[in-house]
Amino acid sequence: MQTTLHKEIHDFVLTTITVSMNLPLDLDEITDDSPMGADGIDLDSLSLIELALRIESRFGVEIPETDIEPVGAMKLGELIDDVIARGAAA
């Protein structure tokens, strides 16, 4: 079951990727099971760093540099759950 915070992070991530970072995505094909890296959203390491910095700023969490590579191996839903577990604030 999706919470309001889950949806807010989900929408923020996809808006950040498509609008702020100007990376094309077919949003109809993106689900919580879509990988953040290859064969999914396909963010490279620099894009992952930029996304992490924006998530940190927006939701008041810390994503250490050492966690960037694991974020690239996550699915979108796992990233959202990870941000919530880090204490995300709406």
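Coordinates for the structure precede this section.
Everything quoted here is computed from the prediction, not taken from an experiment.

A.B. asks: How would you summarise the overall build of the chain if you had to cite specific residues and measurements?
C.D. replies: Counting its regular elements, the chain contains four helices and zero strands. In the chain, the succession of α and β elements from N to C terminus is α-α-α-α. Its C-alpha radius of gyration of 12 Å places the chain within 12% of the 12 Å reference for a compact globule of 90 residues. When its C-alpha atoms are laid out on the principal axes, the chain stretches across 30 × 30 × 20 Å. When the 90 residues of the chain are sorted by exposure, 41% land in the buried category. Contacts in the chain between residues at least 24 apart in sequence constitute 65% of all its contacts with a sequence separation of at least 6. Accessible surface, the chain: about 5,300 Å² in total, of which carbon and sulfur atoms supply 51%. Computed over 5 positive and 19 negative side-chain charges, the inter-centroid distance for the chain is 6 Å.

A.B. asks: Explain the nonpolar core residue by residue, including any values.
C.D. replies: V13, I17, M36, L51, I55 and L79 are the most contacted members of the largest nonpolar core, which totals 27 residues. Contributions of two or more residues to this core are made by α1 (4-20), α2 (45-59), α3 (68-73) and α4 (76-85). No other element matches the six residues that α1 contributes to this core. Those residues in contact with I17, other than ones at most four positions away along the chain, are N22, L23, L25, M36, I41, L43 and L51.

A.B. asks: Before we move on, can you summarise the packing of α1 against α2 with the specific residues and values?
C.D. replies: To characterise two packed helices, one gives the angle between the axes of the helices and the distance between these axes. Interaxial distance between α1 and α2 falls to 11 Å at its minimum, and their mutual angle equals 135°. Judged by the inter-axis angle, α1 sits oblique to α2. When you trace α1 past α2, the crossing you get is right-handed. Where α1 approaches α2, its residues L5, E8, I9, F12, V13, T16, I17 and S20 are matched on the opposing element by L51, R54, I55, R58 and F59.

A.B. asks: Got a sec to walk through α4? Specific residues and values, please.
C.D. replies: Inspection of α4 places L76, G77, L79, I80, D82 and V83 among the buried residues, and these make up the whole buried set. Against α1, α2 and α3 lie the buried residues of α4. G87 occupies a position one or two residues after α4 and carries a positive phi of about 95°.

Rules used throughout
- Residues numbered from 1 in each chain as written.
- Predicted model: local features only at pLDDT ≥ 70, side-chain atom pairs only at ≥ 80, totals over all residues.
- Heavy atoms only, no water.
- Helix = DSSP H or I, 4+ residues; strand = E, 2+ residues; numbered from the N terminus.
- Rg over C-alpha atoms; globule rule 2.2 N^0.38 Å.
- Buried < 20%, exposed > 50% of the residue type's maximum accessible area, 1.4 Å probe, protein only.
- Contact = heavy atoms within 4.5 Å.
- Areas by Shrake-Rupley, 256 points an atom, 1.4 Å probe, with all protein chains shown as cover.
- Lys, Arg positive; Asp, Glu negative; His and termini not counted.
- Charge placed at Lys NZ, Arg CZ, Asp CG, Glu CD.
- Core = buried A, V, L, I, M, F, W, Y, C linked by side-chain atoms within 4.5 Å.
- Axes fitted to C-alpha atoms, helices over the stretch in contact; angles between N-to-C directions.
- Parallel < 35°, antiparallel > 145°, perpendicular 65-115°, else oblique.
- Left-handed = near helix turned anticlockwise from the far one by under 90°.

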